[in-house]
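Spelled out, the chains give:
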Amino acid sequence: QVHLVESGGGLVQPGGSLSLSCAASGSLLSINTMGWYRQAPGKQRELVATITTGGSTNYADSVKGRFTISRDNAKITVYLQMNSLKPEDTAVYYCNTRGYSGGLGFNSWGRGTQVTVSS
């Protein structure tokens, strides 16, 4: 049983910045990967960025150089710093974690947080 809670979404003007956080809770957690995905209206959900416990990162081409993913393993929390935001970044952003809990594998999703980039 893994529960994810996202925070930090909101409305920002083009060129502005936002920071998202996602905290995981549960028993006997061993998380291999945490990351962010997003889904814009009328489009499929897509990868934004992922990070392993060891610190290896992966970014979508559309956000590389603008977004930075990081994590705090002790707090079991992942962050997404978003800079130079564009209107096309508008979407619901979902936190995702993959790993093990009590010896069982899991793939959990948060409820999502809205990010709107508009003048």
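Here's what I pulled together on the structure shown here.

Here we take up the overall build of the protein chain. When helices and strands are counted, the protein chain shows zero helices and 11 strands. In terms of C-alpha radius of gyration, the protein chain reaches 14 Å, essentially the compact-globule figure of 14 Å for 119 residues. Expressed as lengths along the three principal axes of its C-alpha atoms, the size of the protein chain is roughly 45 × 25 × 20 Å. In the protein chain, buried positions account for 38% of the 119 residues. Pairs at least 24 residues apart make up 54% of the contacts formed inside the protein chain by residues separated by at least 6 positions.

Burial along strand β11 (residues 113-117) is one-sided: Thr113, Val115 and Val117 are buried, while Gln114 and Thr116, pointing the other way, are not. Pairing geometry for strand β2 (residues 10-12) and β11, over three bridges, is parallel. Within β11, the residue paired with leucine 11 across the bridge is threonine 116. When strand β9 (residues 91-101) meets β11, the two strands line up antiparallel, connected through three bridges.

Summed over the entire model, instances satisfying the criterion amount to one disulfide. Two residues share a disulfide in this structure: cysteine 22 and cysteine 95, whose sulfurs sit 2.0 Å from each other. Torsion about the S-S bond of the cysteine 22 and cysteine 95 cystine: about -85°, corresponding to left-handed handedness. One end of the pair, cysteine 22, is in strand β3 (residues 18-26); the other, cysteine 95, is in strand β9, with 73 residues separating them in the sequence.

Conventions used here
- Residues numbered from 1 in each chain as written.
- Predicted model: local features only at pLDDT ≥ 70, side-chain atom pairs only at ≥ 80, totals over all residues.
- Heavy atoms only, no water.
- Helix = DSSP H or I, 4+ residues; strand = E, 2+ residues; numbered from the N terminus.
- Rg over C-alpha atoms; globule rule 2.2 N^0.38 Å.
- Buried < 20%, exposed > 50% of the residue type's maximum accessible area, 1.4 Å probe, protein only.
- Contact = heavy atoms within 4.5 Å.
- Pairing = 2+ DSSP bridges.
- Disulfide = S-S within 2.5 Å.

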